[in-house]
Protein chains: 4
Amino acid sequence: MDFRSDNVHGAHPKVLQALVEANAGPASSYGDDPWSERLRDKLQQVFEHELWVLPVTTGSAANSLALAAHVQPWQAVYCHHESHINVDECGGPEFFTGGAKLIDLPGEGAKIAPETVERAIVGEGFVHAVQPGAISITQATEMGRVYQPAEIAALSAVAKRHKMILHMDGARFANALVSLGCTAAEMTWKAGVDALSFGATKNGCLMAEAIILFDGAKADELAYRRKRAGQLLSKMRLASAQLVAYLEGDLWLANARHANAMARRLAEGLSRIGLPPLLPVEANELFVRLPKVAAKALQEAGYRFYDWAALGPDAWRLVTAFNTEERAVDGFLAAVRQAKAA
Amino acid sequence: MDFRSDNVHGAHPKVLQALVEANAGPASSYGDDPWSERLRDKLQQVFEHELWVLPVTTGSAANSLALAAHVQPWQAVYCHHESHINVDECGGPEFFTGGAKLIDLPGEGAKIAPETVERAIVGEGFVHAVQPGAISITQATEMGRVYQPAEIAALSAVAKRHKMILHMDGARFANALVSLGCTAAEMTWKAGVDALSFGATKNGCLMAEAIILFDGAKADELAYRRKRAGQLLSKMRLASAQLVAYLEGDLWLANARHANAMARRLAEGLSRIGLPPLLPVEANELFVRLPKVAAKALQEAGYRFYDWAALGPDAWRLVTAFNTEERAVDGFLAAVRQAKAA
Amino acid sequence: MDFRSDNVHGAHPKVLQALVEANAGPASSYGDDPWSERLRDKLQQVFEHELWVLPVTTGSAANSLALAAHVQPWQAVYCHHESHINVDECGGPEFFTGGAKLIDLPGEGAKIAPETVERAIVGEGFVHAVQPGAISITQATEMGRVYQPAEIAALSAVAKRHKMILHMDGARFANALVSLGCTAAEMTWKAGVDALSFGATKNGCLMAEAIILFDGAKADELAYRRKRAGQLLSKMRLASAQLVAYLEGDLWLANARHANAMARRLAEGLSRIGLPPLLPVEANELFVRLPKVAAKALQEAGYRFYDWAALGPDAWRLVTAFNTEERAVDGFLAAVRQAKAA
Amino acid sequence: MDFRSDNVHGAHPKVLQALVEANAGPASSYGDDPWSERLRDKLQQVFEHELWVLPVTTGSAANSLALAAHVQPWQAVYCHHESHINVDECGGPEFFTGGAKLIDLPGEGAKIAPETVERAIVGEGFVHAVQPGAISITQATEMGRVYQPAEIAALSAVAKRHKMILHMDGARFANALVSLGCTAAEMTWKAGVDALSFGATKNGCLMAEAIILFDGAKADELAYRRKRAGQLLSKMRLASAQLVAYLEGDLWLANARHANAMARRLAEGLSRIGLPPLLPVEANELFVRLPKVAAKALQEAGYRFYDWAALGPDAWRLVTAFNTEERAVDGFLAAVRQAKAA
């Protein structure tokens, strides 16, 4: 009955179990351990590409570090106005990059379009202006929308044209991936993604995210940056083990499929009640307009969810998770029907 | 048989159990949860003082954030040359503070003396020179030594005289505390400590350290700094729960007592073999000089430990932990006797 | 015939003469000299208030330092999208503040309105969001507009309500002042300005701007920040002497009055030809729409001015200065008439 | 009679004259002017090498920017403990580099030896340690000593071995050069210097220093860094013109020769009185031990000079300049003789 965010839930039992198992016995610290090695192997299989992986404990750290390794202090990061890096990290990217500038752009559903980025690039080569550094997109977006691989590729083309990298904030990477039904490779490096914040916490881990690079040129730099940012865990195996369990047996995909299905079930139910979602539901987030009085009644009945001012008055966000139960969704729908009638 | 560091070991079973229990059901994210509240209560009892606590995932993050909240970019941090902040954090304090300067000082056993700090302060009020910002000490030190409360108070007096704060890197806080046999209050705020990095990972947690302030003036600032550093965990309860379990029933003290006892047992055994420790063993670290050939033989026999160049050639460090077994110590001693004889 | 900017011109002869005179004989370095003292006295008379003054060599340095002394790294600076700090300093404010965020706002004539700032403040006290730090306005604006004292006071009220400071980028301070016909006090501290970048280079100096604070609380901090930014001149008297000469006998006001008068003469002349300025001409900048072919013809005839894309296609900027001659204006007007006819 | 520093004196008349001449008429701003072009040509002749030159207004800015363009935030700069960058720039290099670490080294006469640097490099490739970034030397040193080209080359070899750059703080470049009697090329790029802070203010300019790179790889980056540091002058020609005049007709060498000769005259005179300099006098700085009472008497007689605690009690520094008069030296010597006798 808690639809506030996918991060209000604990970890998946299998992830927890793996953590307990990895905890036994000594192991080299700082990532020089079998779990960390297995994690890289596993991810290389998943992504069908050589890659460099650096686990960290939060998505904010993943984003900021990934950007800092590629964006110079006098450069700009083009991103959506509603993007997590722009409005939810208290200036983390600015801190880690040494003062790079986030150029926030409009776009429906928190997606940015290639033309929008292109138009925003001014003063290239002009010493008075910040220079193109990176495009950063969120997949799935903060509004629950998903970029098609072709859309990503089009953004990558803009990035390449201006010698930028393309960064993907994949806090809900799995939710987007199963929504698209494509491969992880198609959604990332094949579409031109250079650096990925691979999210796992929201979809079944405790505190484990991974920065993934598809090119090793910046891997060493990133390792030093991670260390000095206080993100190199001494007992790293306990993060790596979470991520390995997350990937094993495609747990991550199953989790995301379930979360997305629950969001669709919610969307369909709400539509039937005359409350169609404000935006297409492509992942595990849903936005709906509901009179304040009805929302309050639901909250008093124990349902929890946030208002979402960015979508105007009386807009609310509902987020489903890997462990959202069908009956919780159905119970909520019944309660909405009742609240609406009241 | 692994004496490399106290961080090669997993978490204590009770901490793990608490983590599993805290994982059940939803909870508000980002620290607005009962475990985080309980943690503050618990620590206030332990320290007998109102305090502000901000859990993070590494000791490096705790140190850097605690310093950044109190030291301006044009100020200096006076610390020992061998201190973790100076040589083991890849410039983390410089990064977090925006370029403050670490003034590294000599001192036996990685301890710094008030006079040494006093002498190092030059150019106070002179616009060309960095200004006094903080004194940072490690308790227990990187050489296994412990500051007496009176020694801490003397350093605090220097700090106050120059309008600095006194920071304590307590990566091995518990080991020092049980070694002294004083109260946590006596070792900290009663002796003038303003900001504490309260270590727990090395002594039984998975990845949980806490920044503790005894004055709330900088607590808000620190919260923003922690967030933008990517150190505000969404599933914060899973860190807080570790720390609560660590404190409950004085597990932390029992763990530290055991680790220290094992270090003493090692020290006594080695002394009997004619290998007295290079420095007094006051906590859970021990340094010994051993011919390289003997050390290699031990390592080939499966014993693991690091060489320690800072103490000269053929110096080695042995670290015991909460779970070091007596028979491992005794087995090691027997093996040393054999290696030495060979 | 050069209307590109007021900074294409050298210094006023009187400023130059003062520099030559100040150059004679030895003097204490780093600002401990009679010229620097006289400068403070002079400014205190001009502003009718106790103040702290720190000369620097560029307006960018003045802006960035003034902001850095008041805005924390996790805070925001509310400014116009077209403001110099946002688009013309290559991320200087982000660099000096340690990564504060510039929130760029719309507004006619590069002016921002109190309501616009108020609306842009979101997430106050919310740890995920950057916090209010400063409002920064440019007087005269980058579009040649001038804030009325009452407008400044209204912005100051917003600033105070959110515990921000109000910063004024006065690169063209004198031009705005004589345009308003009010006192320097009325345009600054009486209207709530806390920190001022007092521009002089564009209006007759060689390389001399001054940061002015009307409250001494941050003066020491600013002195350290200026030093470590490499902006504390050893031969400071040579900057102070420029500024003293600039103020003496109200040279600065006479210079600005002339520049403004030349801009008005241009505006009136262009209006008569059917080319009314795109924005009210309140200081020494004028924007006009002119077919590219006519503009090229003028440029080939030796007239120099920049195109101004922010105002759409075929927009051009003309800037007058303290030494713009009437006949140059009249010659230009004649040439425009001819070019337009062609 | 002012021996405090070479920066207590104004500019050389020829430099001033050139400034006045350059001031006439309009010129493109920000360095796109004939004086800036001429400056580069002139320096390329002087250094017999293609180079990139970026004028700034202080030596601190030159040093910090030159280092920032080459040293990553997680790297170290090896320098002498007494170096200007370490003790006289209020943490400027740390600020500009984003928190790089200065490793301060001992060495006679403020010179560092290759072995000293080599020994100080620890933890290369170890993620916990800051990594080698640059060696920075001052020529002439803060103690008036001069590096021989062979000594510079030996330091460059260490730099190259560890993939560092070699930076030279040439605040007193000319004084060192005429002391050695070699070419500018021999003292810089031929000996392996990569980046040079070419000082001019102390030796006859008003406020003009130049960053010189002998390789263009970082020139663009440096231009952006200079701009965002507020060091790109709008009326750049007025800095470039100073530097051109400084170089023309070898004024800089004549000035330095005179300053050095005056220092030698002082040294010889003092030696005759039984006050031999504490360090060899190789440039224009001289250190002498003199009872406090004698020093006070001299100061009361109008002679000005600083005490120099780094050389122990009763140590004083005397600095000569391009305009120090022989009779001033002789008068001072007579006064010392008298003060000593008293």
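The paragraphs below set out a description of the structure included in this document.

Calculation rules
Residues numbered from 1 in each chain as written. Chains lettered and ligands numbered in written order. Predicted model: local features only at pLDDT ≥ 70, side-chain atom pairs only at ≥ 80, totals over all residues. Heavy atoms only, no water. Helix = DSSP H or I, 4+ residues; strand = E, 2+ residues; numbered from the N terminus. Rg over C-alpha atoms; globule rule 2.2 N^0.38 Å. Contact = heavy atoms within 4.5 Å. Areas by Shrake-Rupley, 256 points an atom, 1.4 Å probe, with all protein chains shown as cover. Lys, Arg positive; Asp, Glu negative; His and termini not counted. Charge placed at Lys NZ, Arg CZ, Asp CG, Glu CD. Least-squares fit on C-alpha atoms with pLDDT ≥ 70 in both. Phe/Tyr/Trp six-rings, centres within 6.5 Å; stacked < 30°, edge-to-face > 60°. Buried < 20%, exposed > 50% of the residue type's maximum accessible area, 1.4 Å probe, protein only. Lys NZ or Arg CZ within 6 Å of the ring centre and 35° of its normal.

Considering the overall build of chain A
Reasoning step 1: Within chain A, the secondary structure is distributed over 14 helices and 10 strands.
Reasoning step 2: For chain A, the C-alpha radius of gyration of 20 Å lies close to 20 Å, the compact-globule estimate for 342 residues.
Reasoning step 3: Taken over the C-alpha atoms alone, chain A extends approximately 60 × 55 × 30 Å along its principal axes.
Reasoning step 4: Of the contacts made within chain A by residues no fewer than 6 positions apart, 76% connect residues no fewer than 24 positions apart.
Reasoning step 5: Taken as a whole, chain A presents about 11300 Å² of accessible surface, with 52% of it coming from carbon and sulfur.
Reasoning step 6: For chain A, the distance from the average position of its 34 positive side-chain charges to the average position of its 38 negative side-chain charges is 3 Å.

Topic: the relation of the copies chain A and chain D
Relating one copy of the chain to the other requires a rotation about an axis plus a shift along that axis.
Reasoning step 1: Of the two same-sequence chains, chain A is brought onto chain D (RMSD 0.0 Å, axial shift 0.0 Å) by a rotation of 180°. Here the two chains are linked by the operation of a two-fold rotation axis. No C-alpha of chain A lies nearer the rotation axis than that of Gly98 of chain A, which sits 3.1 Å from it.
Reasoning step 2: Most of the interface of chain A is mirrored in chain D, where 100% of its interface residues again form contacts.

Observations concerning unusual backbone geometry
Residue and element names in this part refer to chain A.
Reasoning step 1: The peptide bond linking Gln139 to Ala140 adopts the cis configuration, its omega dihedral lying at -10°.
Reasoning step 2: Within the secondary structure layout, Ala140 lies in the loop between strand 4 (131-138) and helix 7 (149-161).
Reasoning step 3: For Glu48, which is not glycine, the phi dihedral falls at a positive 55°.
Reasoning step 4: Position of Glu48 among the secondary structure elements: in the loop between helix 2 (34-47) and strand 1 (52-56).

Some thoughts on the packing of aromatic side chains
Reasoning step 1: Enumeration over the complete set of coordinates arrives at 66 aromatic pairs over all chains.
Reasoning step 2: On the numbers, 5.7 Å between centres and 45° between planes, the contact of Phe47 of chain B with Phe173 of chain B is tilted. Of the two residues, Phe47 of chain B is situated in helix 2 (residues 34-47) and Phe173 of chain B in helix 8 (residues 173-180); the sequence distance between them amounts to 126 residues.
Reasoning step 3: Taking relative accessible area as the criterion, Phe47 of chain B reaches 0% and is therefore assigned buried.
Reasoning step 4: Members of the aromatic cluster, connected to one another through ring pairs, are Phe47, Phe173, Phe198, Phe214, Tyr246 and Trp252 of chain A.
Reasoning step 5: It is Arg40 of chain D that lies over the ring of Trp52 of chain D; its NZ or CZ is 5.2 Å from the centre.
Reasoning step 6: A cation sits over an aromatic face here: Lys111 of chain D above Tyr147 of chain D, 5.4 Å from the ring centre.

Honestly, that's just the spatial picture; any functional story needs more than this.
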